[in-house]
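Architecture and fold: a report
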Amino acid sequence: MATTLMLIMIVLLLLGFPMMIPLITAALTGFYMMFGGIGQMDTFIQQVLGGIRPASLIAVPMFILAADIMTRGQSANRLIDMVMTFIGHIRGGLAISTATSCTLFGAVSGSTQATVVAVGSALRPKLLKAGYSDSFSLALIINASDIAFLIPPSIGMIIYGVISETSIAELFIAGIGPGLLILFLFSVYCLIYATVHNVPTEEKASWSERFKATRMAVWPLMFPVIIVGGIYGGVFSPTEAAAVCVLYAVILEFGVFRSLSSKDIYTIAKSTGLITAVVFILVGVGNGFSWIISFAQIPQTILDAVGINDMGPVGVLVAISVAFFVACMFVDPIVVILVLTPIFAPAIEATGLDPVHVGIIITLQVAIGSATPPFGCDIFTAIAIFKKPYWEVVRGTGPFIAILLFSAGLLVAFPEIALFLRDVAFSD
Amino acid sequence: DTWRYAHEEYKGDVQDVYALKFKEYIEDNSEHTLQVYRFGELGESDDIMEQTQAGILQFVNQSPGFTGSLIPEAQIFFIPYLLPTDMETVVKFFRESKAINEDFTELYADKGLELLKMYPEGEMVVTADEPVTNPQDFKGKKIRVMTNPLLSSTYEAFGATPTPLPWGEVYGALQTNMIQGQENPIFWIESGGLYEVSPNLIFTGHGWFTTASMANKDFFDDLSADDKQMVRDASEYAFNETMKHIDGLADRALDKIVKSSDKVTVTRLTDRQIAKFKARAPKVEKTFYEMAGESGKELLQQFKADLDAVAK
Amino acid sequence: MTDSENLTYHSELPGLLGKFDNLISKVEAFMLAAGVLLMALNTCVNVIARFGFGQGLFFAGEINRILIILITFAGIGYAARQGRHIRMSAIYDSLPHQARKWAMILIALITSCIMFLLAWLSFEYVSDVFKRGRILPALGFPIWWIYIWVPIGFAITGIQYFLTVIKNLTSKDIYLSTGVLDGYADDESEV
Ligand code: NA
Ligand code: NA
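Parameters at a glance
Residues numbered from 1 in each chain as written. Chains lettered and ligands numbered in written order. Predicted model: local features only at pLDDT ≥ 70, side-chain atom pairs only at ≥ 80, totals over all residues. Heavy atoms only, no water. Contact = heavy atoms within 4.5 Å. Buried area = accessible area lost by both parts, 1.4 Å probe. Salt bridge = Lys/Arg side-chain N within 4 Å of Asp/Glu carboxyl O. Polar contact = N/O pair within 3.5 Å; in protein donor to acceptor, adjacent residues only side chain to side chain. Buried < 20%, exposed > 50% of the residue type's maximum accessible area, 1.4 Å probe, protein only. Helix = DSSP H or I, 4+ residues; strand = E, 2+ residues; numbered from the N terminus. Pairing = 2+ DSSP bridges. Right-handed = clockwise from strand over helix to strand, strands pointing away. Axes fitted to C-alpha atoms, helices over the stretch in contact; angles between N-to-C directions. Parallel < 35°, antiparallel > 145°, perpendicular 65-115°, else oblique. Left-handed = near helix turned anticlockwise from the far one by under 90°. Nonpolar A, V, L, I, M, F, W, Y, C, P; charged D, E, K, R; others polar. Patch = residues over 30% accessible without salt bridge, like charges linked within 9 Å, V, L, I, M, F, W, Y side chains within 5 Å. Areas by Shrake-Rupley, 256 points an atom, 1.4 Å probe, with all protein chains shown as cover. UniProt positions renumbered as here; feature names shortened; annotations may be inferred.

1. With respect to the interface of chain B and chain C
Across the contact, 20 residues belong to chain B and 14 residues belong to chain C. The largest per-residue losses of area from chain B upon contact with chain C belong to Glu50, Ser69 and Thr147 of chain B, which jointly make up 35% of the total buried on that side. Where chain B touches chain C, the interface holds two salt bridges. With a shortest N-O distance of 2.9 Å, Asp46 of chain B and Arg134 of chain C are connected by a salt bridge. The tally of links between chain B and chain C comes to five residue pairs in polar contact (both at pLDDT 80 or more).

2. Structural notes on the pairing of strand β6 (residues 161–164) of chain B
All names here are of chain B. Of the two faces of β6, the one lined by Thr161 and Thr163 and the one lined by Pro162 and Pro164 are each fully buried. In this sheet, β6 lies alongside strand β5 (residues 142–145) in parallel orientation, the contact comprising four bridges. Looking at β6, one finds that Lys142 is bridged to Thr161. You can see the chain leave β5, run along helix α6 (residues 149–157) and come back into β6, and the turn it takes is right-handed.

3. Considerations on the packing of helix α5 (residues 75–87) of chain A against helix α12 (residues 207–216) of chain A
Residue and element names in this part refer to chain A. Running from N to C, α5 and α12 cross one another at 160°; their axes reach a closest spacing of 8 Å. On the basis of the axis angle, α5 is roughly antiparallel to α12. In this structure, the crossing between α5 and α12 has a hand that is left-handed. Contacts between α5 and α12 involve Arg78, Asp81, Met82, Thr85 and Phe86 on the former and, on the latter, Trp207, Glu209, Arg210, Ala213, Thr214 and Met216. Tallied by class, residues from the contact of α5 with α12 come to five nonpolar, two polar and four charged.

4. Regarding a nonpolar patch on the surface
Nonpolar side chains collect at one region of the surface, where Trp219, Leu247, Ile251 and Val256 of chain A together with Ile48 and Phe53 of chain C lie side by side and expose about 610 Å² of accessible area between them. Put simply, the parts of the chain that give the nonpolar patch at least two residues each are α14 (238–256) of chain A together with α1 (15–53) of chain C. Residue classification places Phe53 of chain C among the exposed positions, given a relative accessible area of 70%.

5. Topic: the packing of α1 of chain C against helix α2 (residues 60–81) of chain C
All names here are of chain C. Between α1 and α2, whose axes approach to 9 Å, the crossing angle comes to 150°. It follows from the interaxial angle that α1 and α2 lie roughly antiparallel. Both α1 and α2 take part in a crossing whose hand is left-handed. Of the residues contributing to the contact of α1 with α2, the split by class is 15 nonpolar, eight polar and three charged.

6. As for the UniProt feature "transmembrane region" (unreviewed entry) in chain C
All names here are of chain C. UniProt feature "transmembrane region" (unreviewed entry): in the numbering of this structure it lies at residues 29–51, 63–81, 102–123 and 143–163. The annotated region residues 63–81 carries 100% helix and 0% strand content, and the separation between its end C-alpha atoms amounts to 27 Å. Counting secondary structure, residues 143–163 comes out at 71% helix and 0% strand; the distance between its end C-alpha atoms is 32 Å.

Right, here's the structure in full:
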């Protein structure tokens, strides 16, 4: 059955069907094979609706809306102009600060999709203007957003922690090292890319220019202050932070800068709704697809067939990496963690692996999977937002995914990358 | 043939123990096999309930906190200080109560479900940012609750501010002090690491986390008399084994918590302190009447009569 | 970032049908915008009520759940009108004109059929939910209400793809949707 469904998906996908069709067709075929008719297919609808139910999902439209308001108004430009006065003269500077922004934004939002939207829509035009190719820019944004999953708070880690009875505090701390490692490797790649492609740098700005640009950006600079202060001060949750951003963006652009009219805001909201729908229907049908896979016990069957319980620690880690990576290419990361973690639990226990180490590897793999074709949710978010054809969006992702997989390899080989900080913090 | 059973918890949790014992009995005593699905594998609590009603799943385990949107009377378990804290009496009550074994069976049957067993999972424990010993201490504290009106009513009556929040955000919200507390059975506080961010455990004795195992009624009615009896026996067996499992489970979880953190405090309310909270329970009973109507009222009376009977 | 200015729609259908189609499109657009704005408002009011006044809205989560369904299912039809559903077009793009045209007709036809199937399945599902009588715990009204949009959304999407089939059969060019020409990769100069 697994093979049939996979074939259906790949063929329909390549033929150029709207991306929900391969998932729907494969899922309904699964239902047909499982129940021998169409009588139970309304459960597919239940699961499509279940997929778009999680409360954390509302962060996505809210960040899209906030980012669009900021970009169409003046907030985003003022912020970026300020950053450029400081780093415009450094080779690869803009690309590196894009990666850094994604990491920082991910640190508060906890959602890779929201990061793609918020950072991407503000910085992609600048990257293009600075002379980076579009496929590089898109790939950079999509993949740097993955770091959001590793840097706390991370909903993926919370769910893994609860299922596997692992300390969430330890997971959070252990994610920081690998997150920074990946940021560093991405920065190196940005530098190499900028050098090889000879991306021009700007003239170094004077301190008075920098001061002036900073003053212009004072209001928008309150965004991070509000988000970070609000979350860590216990005013709102990371999900709610997105809506608060919308409120602040409206106040700024509509009230302070007077750059947008109420009609503009209606138009922006409409386009936000459209993008949300295009992304969420895929999240929903992906959930419906994963239900039938889970119902038919396909992951267990495959793992038993490869003999997961007879593998050594490294074998198990590699199997985990591959399984989570592949699954997240098709299905939402949270669902993948829910379904696969318990399946691997016996093998993890038997080999005596550190559950924190495993958790970080899983988190990294789901992040990578989310940015990997064909169905990585960050990819279709980017397609929906930037209105670029599929190929254009995925073309540049190769080197980034290679770096991420390399990091995953390092993490398997050297657990200290994750566990070092944890051991320092929890040494007693 | 293969039967399917879904529950709402993770591997090794109480519902999982029950499900696996149920499976063990069925597979040892019949030709059937039982496939157990855990939380998230087939969707959330409401989803697996619907799938059971639709006959895709033959068995489901759902807690009244979720069943409340289908069967309002099921919220009776959220009325504080209804059940005693002593484990032996509670188990006896679940075994012998007419309210549980007859009245609820009817309520579930109306929704196409054959109630097999209702059983307690563990006593509810409150965790908060500081120890709480009387209702005044709860003032101004936002306590996370499930989206459940009766549960809200309980914490309002206790003097706190009930705050609904999705489970995934609870840990973070406690860490940032967005909320000041939450309630759960002790073994979940342990497995979810909630004591790391909300270290003051308060044994208020106000209730038990209760759950129920059931079958699709059409499926059950179509079984042969032998199979029906076998399923009933399997439920009985799983119930007994699960009660053995939870005996001492709370103590073990508490031990683990106390060992792994110095910040943890444990407060067990005295009878006099409990009396102050208990005095506020009638308010919640009133909310229950509003939601569950006349049949709720009768159920509560039966409940109390059954409790008196087992307390003797 | 998105060119929402271009998000206008004029039905190609004749007469009264066309007017009706335009009206539906306007309603969808309004539901999208209102849904998103209400979501922001609802969430912010909840934050302010909770932090400022110590007591959040008990039903805020359920309102957002209703809105997210509204947005998604009003949006899929609207996205179909705008030719905005995501597809992987690498192989398709490399085909010659005539082959691409027939491929598009086939894709739109099959997609349309699948959408109608889902409309029917979701109608079945909503009637089941209706019969079971589950309610939203905080707001207290029946859950099936919030799912009404689901079959409607799928049906409208199916109609849009079906109209795309007809449009492609009756004109020389290739259309992604009734109003959008294939080849959106090319008109991407403005961002
Ligand atoms: Na994060
Ligand atoms: Na994915």
